[in-house]
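# Examination of the molecular architecture
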Amino acid sequence: MSFTFLKELPSPEEVKNEYGLSKSAACTKQARDKMIRDIITGESDKFLVIIGPCSADNEDAVCDYINRLSRVQEKVSDRLVIVPRIYTNKPRTTGEGYKGIAHQPDPEKRPDMLAGLIAMRKMHIRALEESGLSSADEMLYPENWSYVEDLLSYVAIGARSVEDQHHRLTVSGFDVPAGMKNPTSGDFSVMLNSVYAGQHPHHFVFRGYEVSTTGNPLTHVILRGAVNKRGVCIPNYHYEDLERLIQMYDKMDLKYPAAIIDSNHSNSNKQYEQQIRIVKEIMHNRKISPEIHKLVKGVMIESYIEPGCQKVGEHIYGKSITDPCLGWEKSVELLYHIAEMNQ
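Computed from a prediction, not measured in an experiment: that's the story for all the values here.

Conventions used here
- Residues numbered from 1 in each chain as written.
- Predicted model: local features only at pLDDT ≥ 70, side-chain atom pairs only at ≥ 80, totals over all residues.
- Heavy atoms only, no water.
- Helix = DSSP H or I, 4+ residues; strand = E, 2+ residues; numbered from the N terminus.
- Contact = heavy atoms within 4.5 Å.
- Salt bridge = Lys/Arg side-chain N within 4 Å of Asp/Glu carboxyl O.
- Buried < 20%, exposed > 50% of the residue type's maximum accessible area, 1.4 Å probe, protein only.
- Phe/Tyr/Trp six-rings, centres within 6.5 Å; stacked < 30°, edge-to-face > 60°.
- Lys NZ or Arg CZ within 6 Å of the ring centre and 35° of its normal.
- 1 Å grid on protein atoms, 1.4 Å probe; cavity = no way out; pocket = protein on both sides within 12 Å on 5 of 7 lines; lining within 4 Å.
- Points joined across faces, edges and corners; volume = space filled by probe spheres on them.
- Nonpolar A, V, L, I, M, F, W, Y, C, P; charged D, E, K, R; others polar.

### Overview of the side chain of Ser 172
- By the secondary structure assignment, Ser 172 is in the loop between helix 6 (165–171) and strand 5 (178–181).
- Not counting chain neighbours up to four residues away, the residues in contact with Ser 172 comprise Ala 197, Gly 198, His 200, His 202, Phe 204, Thr 213, Thr 214, Gly 215 and Asn 216.

### Examining the pattern of salt bridges
- Summed over all chains, the structure comprises 15 salt bridges.
- For the salt bridge of Glu 59 with Arg 126, the shortest nitrogen-to-oxygen distance reads 2.9 Å. With a gap of 67 residues between them, Glu 59 in helix 3 (residues 59–75) and Arg 126 in helix 4 (residues 113–131) connect regions that are remote in the sequence.
- For Glu 59, a relative accessible area of 26% gives the class partly exposed.
- For Arg 126, a relative accessible area of 25% translates into the label partly exposed.
- Salt-bridge contacts for Arg 121 lead to Asp 150; the nearest nitrogen and oxygen are separated by 2.8 Å. One end of the pair, Arg 121, is in helix 4; the other, Asp 150, is in the loop between helix 5 (145–148) and strand 4 (152–157), and 29 residues separate them in sequence.
- Residue classification places Asp 150 among the partly exposed residues on the basis of a relative accessible area of 25%.
- One connected set of salt bridges, linked through shared partners, spans Glu 59, Asp 60, Arg 126 and Glu 130.

### Observations regarding the environment of Gly 100
- Residue placement: Gly 100 occurs in the loop between strand 2 (80–84) and helix 4.
- With near-sequence residues (within four places) excluded, Gly 100 lies in contact with Thr 88, Asn 89 and Lys 90.

### What to know about the packing of aromatic side chains
- Summed over all chains, the structure comprises five aromatic pairs.
- Residues Phe 3 and Phe 5 carry aromatic rings whose centres are separated by 6.2 Å and whose planes lie at 35° to one another, so their mutual orientation is tilted. As far as the burial class goes, Phe 3 and Phe 5 line up, both exposed.
- When the ring of Phe 204 is compared with that of Phe 206, the centres are 6.5 Å apart and the planes differ by 70°; the resulting orientation is edge-to-face.
- Given a relative accessible area of 9%, Phe 204 falls into the buried group.
- The class for Phe 206 is buried, based on a relative accessible area of 12%.
- Its end group placed over the ring of Trp 328, Arg 68 keeps NZ or CZ at 5.9 Å from the ring centre.

### As for unusual backbone geometry
- Despite not being glycine, His 265 has its phi angle at roughly 55°, a positive value.
- Along the chain, His 265 turns up in the loop between strand 11 (259–262) and helix 9 (274–288).

### Notes on the layout of surface pockets
- Of the volumes computed, that of the largest pocket is approximately 690 Å³.
- The wall of the largest pocket is formed by 17 residues, among which Thr 4, Leu 6, Lys 7, Leu 9 and Met 113 lie closest to the centre.
- Taken together, the residues of the lining of the largest pocket sort by class into nine nonpolar, three polar and five charged.
- Lining the second largest pocket are 26 residues; nearest its centre among them are Lys 90, Arg 160, Arg 224, His 265 and Lys 270.
- In terms of residue class, the lining of the second largest pocket is made up of six nonpolar, nine polar and 11 charged.

As structure tokens, this is what we get:
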């Protein structure tokens, strides 16, 4: 056989029983879930800011960063809901490189999936209990959902996963907002078909069981830019892109039309400092267009304590080991600007 079965992993129930969430933290998450849900459904005029490191590789630095975010959240709570990115899975285009703490708890050591599941869960719990902020993660491996379903308030499906049937069907069983990114081609119809699939009930195999789902009405789109056939990044956050998305949403039987705009990746051509300009343009377009204001519910920002990125093994505290991020000082300035513009 081509597969070597190394060890059987414990069930999600076993891991959750050993690494449980306190009752107070569970109540905090429940309240946060409602705040975020109300933004997606339009019941709240607050604005979502999903912000944090490209990948969560160091628990101490990530929790330090999120505790800083919590102090900002207190000051802007009347206008913003800040959702920290704790991205424990890192998709790799070629399969090479650091795949996230869920795969490789220590970036300088061999992969260990059991230690990764535990590290993933412990980081989300610590961040929530210390800061009071429930988090977002990317669901690169749908089977991992059961290990963190009681911890996450937001889930993203990446550009390379959004066309995958298993991801789409799994989203239909989530009880929190799920953002479906446009594929790397930029095709809006693929993205919206994925939203349609996520919003409707399905019958399929999940974690060795035959299951059925009721559909997730909070499934929505994330615009992250595209790459054309020549490898050139094509942004899709401009006014005209949003107008086209509104028209396409109107033609489909979808609940709660909503868009989150990713200010990095192909929208910025991975020029991380451009996120500031991009977010400001998005907020301006929400000001001048009631339709865009209604559609665009939030932004995604890649941000950490130190700006830029480093190589694995450099050990610079609070600096990304994957894509470069905004540093803390510029991130705080941007958060206050977003709050000011969301009046």
